[in-house]
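# Observations on the model geometry
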Amino acid sequence: MEVPSPSLSTGHLLIQTYSSLLSSGTERMLVDFGKSGFIDKAKKQPHKVKQLMDKVRTDGPKPAIESVQSKLDDPLALGYCNVGVVLSVGQNVLGFSVGDRVISNGPHAEIVSVPHHLCARIPDNVSDQSALFTVLASIGLQGVRLSKPTFGETYLVSGLGLIGLLTGQILIAHGCRVLGLDPDLSKCTIAETFGIQSICTSKHDDPISWCMSQTSGIGVDGVLITASTTSSEPVDIASTVCRQRGRIVLVGVSGLQLKRDLFYKKELSFQVSCSYGPGRYDSSYELLGNDYPIGFVRWTEQRNFSAVLEALSRGSLSTEGLISHHFSFQDAPNAYELLTSSEPSLGIILTYSLKSASPKSTVNLPFADFKSKPSIPALSFIGCGNYSRRILIPAFASAGGSFHTLCAISGIGPVYYGKKFGFRNATTDPNNAISNPSVNAVVIATRHDSHAYYVIKALSARKHVFVEKPLCLSLDELAAIESSYTGDSLLMVGFNRRFAPLTVELKQHISVLTGPKAFVYTCNAGSVSPDHWVHDSKIGGGRLLGEACHFVDLLRFLVDSPIDTLHLFKASDSMARSDTFSLQLRFVDGSIGTIHYFANGHKSFPKERIEVFAGTKVFCLSNFRKLQAWGVEGFRTRRLLSQNKGQVQCSAAFLRSIATGSSSPIPISQIFEVQRLLLQVLD
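Report follows, based on the coordinates. (Residues numbered from 1 in each chain as written. Predicted model: local features only at pLDDT ≥ 70, side-chain atom pairs only at ≥ 80, totals over all residues. Heavy atoms only, no water.)

### With respect to unusual backbone geometry
Rules: Helical segments are the DSSP runs of H or I of at least four residues, strand segments are the runs of E of at least two, and each set is numbered from the N terminus.
With omega at -5°, the peptide bond leading from K469 into P470 counts as cis. Looking at the element boundaries, P470 is found in the loop between β19 (464-467) and α19 (475-484). A positive phi angle is found at R245, which is not glycine, with a value near 60°. With phi around 60°, D560 is a residue other than glycine that occupies positive phi space. Turning to its location among the elements, D560 is positioned in the loop between α21 (543-559) and β22 (563-570).

Here it is, written out as structure tokens:
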């Protein structure tokens, strides 16, 4: 796929790739999974099937099926063993310079953007081909560190693929004697050249007896399982051949039907190793660049990378004989055919053109029907995340929008989904999405901390703006937006619930009732991982700003009266910004409302319910699928086949206002009012 070069983010390096290495375990597994049918995918993920059925019950079959199709349609860039040269250094990066030769866990691509903690400089005497094995060796190194080998111990490495062969060498460097098992005779032969005594399990009937004979009947001190299989046999063999209080570390993939009797009698320890080491999957470390103090965490994933490179430099770790095939990057499809075939292979290397890189941030897509017309708003989208591609872009497409440019940090999403939805351009440069003269409206669907910046930039370029909630994360940002807003362009926040068909019908019923109204809005929000970016006050702003703003806006719409006071009551928990809370609202007309936003409920319970008490009548809107009423003569319960939260209607209203030159579907005064009150209550 021809994609724009990725943009350079804070804390990242932009790297031109020289070569990359295919992973025979992880990548083959992913490709095989991608090729499997729906039934096979379901069998491999029974917990996902249960989630699907819960969603069908609460939201209806259509949203549930669309959600699954979107997940399965999401393209994944393969690869994580990359060698190249640094083209650019992002802000807050120390220890790297333009021109440095580095390894990283970047994917197979000519230019990659990688967090600097997932990179390491290559010593001058280490070749590109040897350095390519750094990431794989670090996976084995982390398993070795967890097993804590001591000089003179005997270890078994189960599975002699690339990681297994590198792991065996690391154990030997620790002063251990190493045994090896693998069903492939050729890999056992390579292992012997590294000093790993090995047998081929497809030719040897009893690997357990062999291991015991090699240790005078004592058993091995530890086992590192580097195989990739669904069978529990590697764990069974490991628990049988281990001595009393032996250690077993799972580095690869194996079935985990453990035989308790052996673990119990021998008091065996069992641990699963996580990738390259401490810091992996920690967004604070990897994405925000916050390092662990070396006195408390001696070996982070980056320090493991450096340790492997140092071992390669000294010659205590060798990659001799680990490469079986070379392909040019243009010939990558054939490399993957080899990887997933039955033909023997080991290290498969992709080599890239070494001519000077000239990063191109925008590419044209094969869509020739785009025509700029004043009566048809031409849209650029900034942001290609899950909500954008699954909900927002399809909603604007259904509403008749004309798509021009799709922008994201990585170029893969804009090209893939740009082609799918008929965009003219794909870019990683937001300026191209905003400044293009053919574009008169910008849709912003990025992370929350960038909303204010892009809103101000688009308004300054005299573009109409549709921004996903929240509008901004601080009162200072709100003031800056208000200063930039002149009224010449539309500014609308994606408060779609006020456009939902049953919401509109509910308002029609209650607007004719006299006297103050009382609302109870319950949101069974569900929990979000504590380390999710939405909880970060600087990036996501918390769930009050990030999601509950929807519900404040909806009550503001239904009451049709300014909010007089807003109070927040938080549940006691360990979150910096609690995601279980209640909001109490009083409106100028005397109406009151309570919004219960609860993250501690069960997902099978419907997510949203609005109860309205007014004029001796009661209404209940359940999950935007069913509207009921009590005390309303002639009212018949309204039911929809599937949930409709009004995304298409919201998008259509925005486009219609641009085309007709009318005012914003959501009055700007209400947008600023709701945003200011929420920011004030947080302060």
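### As for the state of the cysteines
We apply this condition: By definition, disulfides here are pairs of cysteine sulfur atoms that lie within 2.5 Å. Residue burial is assigned from relative accessible area. The probe radius is 1.4 Å, only protein chains are included, and a residue is buried under 20% of its type maximum, exposed over 50%, and partly exposed in between.
Inspection of every chain in the model, using the stated rule, returns 0 disulfides. The structure places no disulfide on C274, whose sulfur is separated from the nearest cysteine sulfur, that of C81, by 16 Å. According to the relative accessible area criterion, C274 is partly exposed, its value standing at 36%. C523 forms no disulfide, and the closest cysteine sulfur to it belongs to C549, at a distance of 11 Å.

### Concerning empty space enclosed by the protein
Using the following cut-off: Using a grid of 1 Å spacing that covers the protein atoms alone, one calls a set of points a cavity when a 1.4 Å probe fits there but cannot get out, and a pocket when the set is open and has protein on both sides within 12 Å along at least five of seven lines; lining residues are those with an atom within 4 Å of a point. Grid points are joined across faces, edges and corners, and a volume is the space filled by probe spheres set on the points.
As enumerated under the stated definition, the model contains 1 cavity of 30 Å³ or more in all. Approximately 30 Å³ is the volume attributed to the largest cavity. Residue lining of the largest cavity: L471, V493, F495, I671, V674 and Q675, and that is the complete set.

### Topic: the sheet that holds strand β9 (residues 220-225)
As a reminder, the rule being used: By the convention used here, strands pair only if DSSP detects at least 2 bridges between them. To get an axis, a line is fitted to the C-alpha atoms, and for a helix only the part in contact is used. The angle between two axes follows their N-to-C directions and goes from 0 to 180 degrees. Two residues form a contact once any of their heavy atoms are found within 4.5 Å.
The strand order across the open sheet built from 6 strands is β8-β7-β6-β9-β10-β11, with neighbouring strands paired in parallel fashion. Sheet topology places β8 (197-200) and β11 (269-272) at the edges, where each strand pairs with a single neighbour. Geometrically, the sheet is characterised by an average inter-axis angle of 15° between neighbouring strands, direction not taken into account. Across 4 bridges, the pairing between strand β6 (residues 154-158) and β9 is parallel. Residue pairing for β9: L156 is matched across the bridge by V223. Of the strands in this sheet, β6, β7 (177-182) and β9 touch helix α7 (residues 162-173), which is tilted by about 170° from β6. Of the strands in this sheet, β6, β7 and β8 are in contact with helix α9 (residues 207-214), which crosses β7 at around 170°.

### So, the pairing of strand β18 (residues 441-444)
As a reminder of what qualifies: Handedness rule for crossovers: strands pointing away from the viewer, path from the first strand over the helix to the second running clockwise, crossover right-handed.
With burial as the criterion, each face of β18 is covered, one bearing A441 and V443 and the other bearing V442 and I444. Pairing of β18 with β19 involves 4 bridges; the strand directions are parallel. Counted as the bridge partner of A441 is H464 from β19. Note that the unit made of β18, helix α18 (residues 451-460) and β19 has a crossover that is right-handed.

### What about the pattern of salt bridges?
We apply this condition: Counted as salt bridges are all cases of a side-chain nitrogen of Lys or Arg within 4 Å of a carboxyl oxygen of Asp or Glu.
What the rule picks out here adds up to 19 salt bridges. The partner of D488 in a salt bridge is R462, with the nearest N and O atoms 3.4 Å apart. Of the two residues, D488 sits in the loop between α19 and β20 (491-493) while R462 sits in the loop between α18 and β19, which places them 26 residues apart along the sequence. R462 shares its class with D488; the two are exposed. R543 serves as the salt-bridge partner of E547, at 3.9 Å between the closest nitrogen and oxygen. With E547 and R543 both in helix α21 and 4 residues apart, the pair spans about one turn of that helix. Each member of the pair E547 and R543 is classed as buried. Connected through shared salt-bridge partners, E153, D221, R243 and R247 make up one network.

### Examining the sheet that holds β22
Taken together, 8 strands build an open sheet; the order of strands is β22-β23-β24-β21-β25-β26-β27-β28 and the sheet is mixed. Strands with a single pairing partner mark the edges of an open sheet, and in this sheet they are β22 and β28 (638-639). Note: β22 against strand β23 (residues 581-587), 7 bridges, orientation antiparallel. In the strand pairing of β23, F569 is matched with S582. Running over the sheet, α21 touches β21 (518-524), β22, β23, β24 (592-598) and β25 (608-614) and is turned about 30° from β23.

### Overview of the packing of aromatic side chains
The geometry of two aromatic rings is summed up by the distance between their centres and the angle between their planes. What counts, and what does not: Only centres within 6.5 Å qualify two rings of Phe, Tyr or Trp (six-membered ring in Trp) as a pair; their planes then separate them into stacked at under 30 degrees, edge-to-face at over 60, and tilted for everything else. The rule is short: NZ of Lys or CZ of Arg within 6 Å of the ring centre and within 35 degrees of the ring normal puts a charge over the ring.
On inspection of all chains with the given rule, the structure shows 18 aromatic pairs. Plain terms: the ring middles of Y285 and Y292 are 5.1 Å apart, the flat faces sit at 25° to each other, and that makes the pair stacked. Judged by its relative accessible area of 21%, Y292 falls in the partly exposed class. Plain terms: the ring middles of F581 and Y597 are 5.0 Å apart, the flat faces sit at 10° to each other, and that makes the pair stacked. In this pair, F581 sits in strand β23 while Y597 sits in strand β24, placing the two residues 16 residues apart along the sequence. As far as the burial class goes, F581 and Y597 line up, both buried. Clustering of aromatic rings is evident, with ring pairs tying together F381, F396, F403, F423, F466 and F654. Its guanidinium or amino end placed over the ring of Y264, R260 lies 4.8 Å from that ring's centre, counting from NZ or CZ. Directly above the aromatic system of F557 lies the positively charged group of K507, at a separation of 4.0 Å from the ring centroid.

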